[in-house]
Amino acid sequence: MDAQKSSHSFGGTCKRVQEEATCTSNFCFFCTMNEPDSSLRRAKITQYLRQMPSTDDQEHVLVLSGLWNIAMTHPDDPEFPSLGIFECMGKLIDRGIKDKEWLIRSQNIYIPYYAAHIIGSYTMNNSQFAEKAAGSGVILPLLELLRGKISWVEQRVAVRALGHLASHEKPFEALVEHEVQIVKSAMETTRNCLKNVYRSFSAVEDSNRLNYHRDLLTRGRGGLEKENRKAEEWAGQLQSWSLYLLNCFACKHRTANLICSKRFLKDLCGMWDVLANCTSPGGLGLIRTLCNSKNGRASIAKLKEVVESLGNISRSSSEWKYMAIESLILLLKDMDTRYKVMDIAPLFLVDLVELRNLGKIRAIGEAISQTLLQDYHKIKYGDMKLKSQNAERALKETWELKVERRKREKLMSEQELNEKKLLVGKLKKEGNNFFWSGDIEKAILNYTKALECCPLKRRKERIVLYSNRAQCYLLLNDPETVISDTTRALSLSTWVSPHIKSLWRRSQAYDMKGLAKESLMDCLMFASGSRKSKQTRKHVKIPYYAARMISKQLNATWIFAAAAMSSNKAEEKVVSSDKPETCKNMVMVKMSKIHKKKDIFIALFFVQIPPYSSKVISFYICELFFALEG
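These numbers come from a predicted model, not from an experiment.

We now examine helix H30 (residues 459–475). Between its terminal C-alpha atoms H30 stretches 25 Å, which fits the 24 Å expected from 17 residues at 1.5 Å a residue. The element H30 is largely enclosed, with a buried count of 13 among its 17 residues. Asn-477 sits one or two residues past H30 and shows a positive phi near 60 degrees.

Below, the structure written as C-alpha cells:
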C-alpha cells in the first residue's frame, strides 16, 4: 500500500498538525504515514508497532481505529502484516487484560477491541497472514477475550478472529494445542451469549450502559433505537461466530466428546436461523457436521428431541432445511444409528418423498425414498417390526407411492387415466360440498378417496386435494396432520412458487404446536406468494390476518425472548396491542417485487425485531417493503 492510500485510510492527520503549523513530536504515526520515502516509512512503522504496547499515548486509539479501517478495506495488503502488526496487537490485548489501571485510563478501553478486530480482518481470507498471526502470539490473548476477561464486545471480535484462524490449515494446528479450552469457551459463549448481552446491555437503562459499548455500537449516530438494534445484531454475530469456531473443530473430528454433550446438542436445535453471519453454519449446520462423524451420529441418535427438531425443520420453509434433511439421511444410512431413529425420522420424511428439487439440490425426494426403503424388504417380507406402528405405516405408504403405484400407472391405458381424472373431479366436488355444508369428516373421506385415485403425474390436482384436506384437519384441531398434508402439497409444488394456501394453513398449524419460527417463515413466504399470485393488480397488500400472525411470531422469536423471560423483564418490553380497527389500517401493506433470496432475508431480519405493539410491527413491515420497492 502506498503512503497516499494509507494516509487516506486513516481519514485525517494528527491533532498536533491540525492545531500547529508543524508536528513537534519526535515520532508521530500519522506523519510517518505521509513519509514519501517508502523504506524509511516502513522502518518507522515497524519501530512504532514494537514500542506501542509499552508506551502511553492518547493517540493510540486513533492509530488503531485507522489500522482497523485499513484492515477492513484492504485485508490482503501485506504491508502491515509484514511489519509486525500481529505481535503488536497480541501484546496490546494482553496488556489490556493484565493491566486494569492502564485499560481504564484515557480511551485505552477501546484498544483490545480494535486490536482483536484487526487480527480477524487480516486473517479472514489470507492463509499466509493467518499463519503469521498464529506464530506471533495472538492465540492466548484472543482466548482470554473469548473467556470473557473484559466484556462481550471484545468477546465478539475475539471469537471472530479465532474462527478465521481455525479455518486455515496450519493456524488450526497451532490452535489444537489449546483445543479443549477453546471448545469449552466457545460452547459456553454459544449457550449464554444472548442472555449475557441482554442482561449486561439491552436490559440496562440507557443512562447506565457502558459508554464505550454505546460508542462502538453506533459510533455516536443513530440514538437509542439503533443502539438496541445493533446490540441484537452483535449478539447474533457472537453466537454465529462461536458456532463457526466449533464447526471448524467438528469438521476435523476434534473434541466430539465435548461438543456432543446432551445439553449442548439440545441447545443447538434452537439455533437453526443464521441471524447475522451467512458464513456460519448455525446450530443446524453444526449438527449436520457432527452427523458426518461416527461419534457424532451415535450421540445425536440417542436424543429424541434433537431428531424431532431435525424433522420439524426439514418440513419448514427455512432456506437451511436441506441441512436437516441431510442430517436425517446420514443417521438413516448408518446401520448403527438407523434403527435408533427409525421410529421418528420416517414420520417427517414421508411427507417429502415427492420433493423434486431444493434450490441447487436435485432429486432430493428420490434420495429420501431410497434411504427410507433401503431395507424395507425386511419389514415387508421378513419378521422385522418397528416399535412405532406409525413409522411402519409411513414406510408402507412410501413403498406404495414410489413403487407400487408407479408400476400400476405405467400399465394403465390413456382411457383408464381419463376415467380416473373424471372420478377425481367428482370426488373433489363432493368433498367441497360436504365441507361447505359443515360435514368435515365426509369431506376428508372424499378428498382421501380422490388422492388414492388421482394419477401421480397430475401434481396440480393433488396439491389442491392435499391442501383442502389440510383445511379440514385444521378445523378439527389436528395440527400434525395439517402439517403433513400441507408439506406434501408444498413438495408437489416448486420451491420458487410454493402453494400459498398451504403455506398459510401450515403456518397456523405450526402456531398451534408452538413452533413460532416455523410459523413465521411460512407466514412470510405466504405474504410474498400472495403478491406473486396477483400480478395483474398494481398494488397488492399483506392480508390483515397474516400481519397479525407475523406480529405474534415476532414476539415469540425475538432474539432476546428467552433472556427477557428468564430475567422477568419481558413485561417491560411489551407494549399493549392496538385496537384491531386501528391496526387494520396499518397492516394493509403494499408488496413490492421481492426476489426469492430477499424473502428469506426478510424472515431473518424480522426474527431480530423486539416485541412491540402490532402498530409498531406494522410500521416495520411497511418500512421494509417500501424500501425494497423499485
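This paragraph deals with the side chain of Thr-46. Checked against the element boundaries, Thr-46 lands in helix H4 (residues 38–51). A relative accessible area of 16% places Thr-46 in the buried class. Within the structure, Thr-46 has its side chain in polar contact with the backbone oxygen of Arg-42 (distance 2.8 Å).

Moving on, we get to the nonpolar core. Judged by nonpolar contacts, the single largest core of 137 residues is most densely connected at Met-89 and Leu-142. When residues of this core are assigned to their parent elements, the largest contribution, twelve residues, is made by helix H16 (residues 223–251). Discounting residues that sit within four places of it in the chain, Leu-142 has contacts with Ile-93, Ala-116, Ile-119, Ala-158, Ala-161, Leu-162 and Leu-165.

Now for unusual backbone geometry. Even without being glycine, Ser-106 reaches a positive phi, approximately 50 degrees. Take Ser-106: it is sitting in the loop between helix H8 (100–103) and helix H9 (111–122). Ser-106 gets classed as partly exposed once you look at its relative accessible area, which sits at 47%. At His-253, a residue that is not glycine, the phi angle is positive and equals roughly 60 degrees. Structurally, His-253 is set in the loop between H16 and helix H17 (256–259).

Right, let's talk about the packing of helix H11 (residues 139–146) against helix H12 (residues 152–166) for a bit. Relative orientation of the contacting elements H11 and H12 amounts to 135 degrees, with a least axis distance of 8 Å. Of the possible angle classes, the one that applies to H11 and H12 is oblique. Like other packed secondary-structure pairs, H11 and H12 cross with a definite hand, here left-handed. Across from Ile-139, Leu-142, Leu-143, Leu-145 and Leu-146 in H11, the residues of H12 making contact are Glu-154, Gln-155, Ala-158, Val-159, Ala-161, Leu-162 and Leu-165.

All of the buried residues in helix H15 (residues 211–218) are Tyr-212, His-213, Leu-216, Leu-217 and Thr-218. The elements touched by buried residues of H15 are H9, H12, helix H14 (179–202) and H16. Looking one or two residues beyond H15, the residue adopting positive phi is Arg-219, at roughly 50 degrees.

So, how was this worked out
Residues numbered from 1 in each chain as written. Predicted model: local features only at pLDDT ≥ 70, side-chain atom pairs only at ≥ 80, totals over all residues. Heavy atoms only, no water. Helix = DSSP H or I, 4+ residues; strand = E, 2+ residues; numbered from the N terminus. Expected span 1.5 Å × (residues − 1). Buried < 20%, exposed > 50% of the residue type's maximum accessible area, 1.4 Å probe, protein only. Polar contact = N/O pair within 3.5 Å; in protein donor to acceptor, adjacent residues only side chain to side chain. Core = buried A, V, L, I, M, F, W, Y, C linked by side-chain atoms within 4.5 Å. Contact = heavy atoms within 4.5 Å. Axes fitted to C-alpha atoms, helices over the stretch in contact; angles between N-to-C directions. Parallel < 35°, antiparallel > 145°, perpendicular 65-115°, else oblique. Left-handed = near helix turned anticlockwise from the far one by under 90°.

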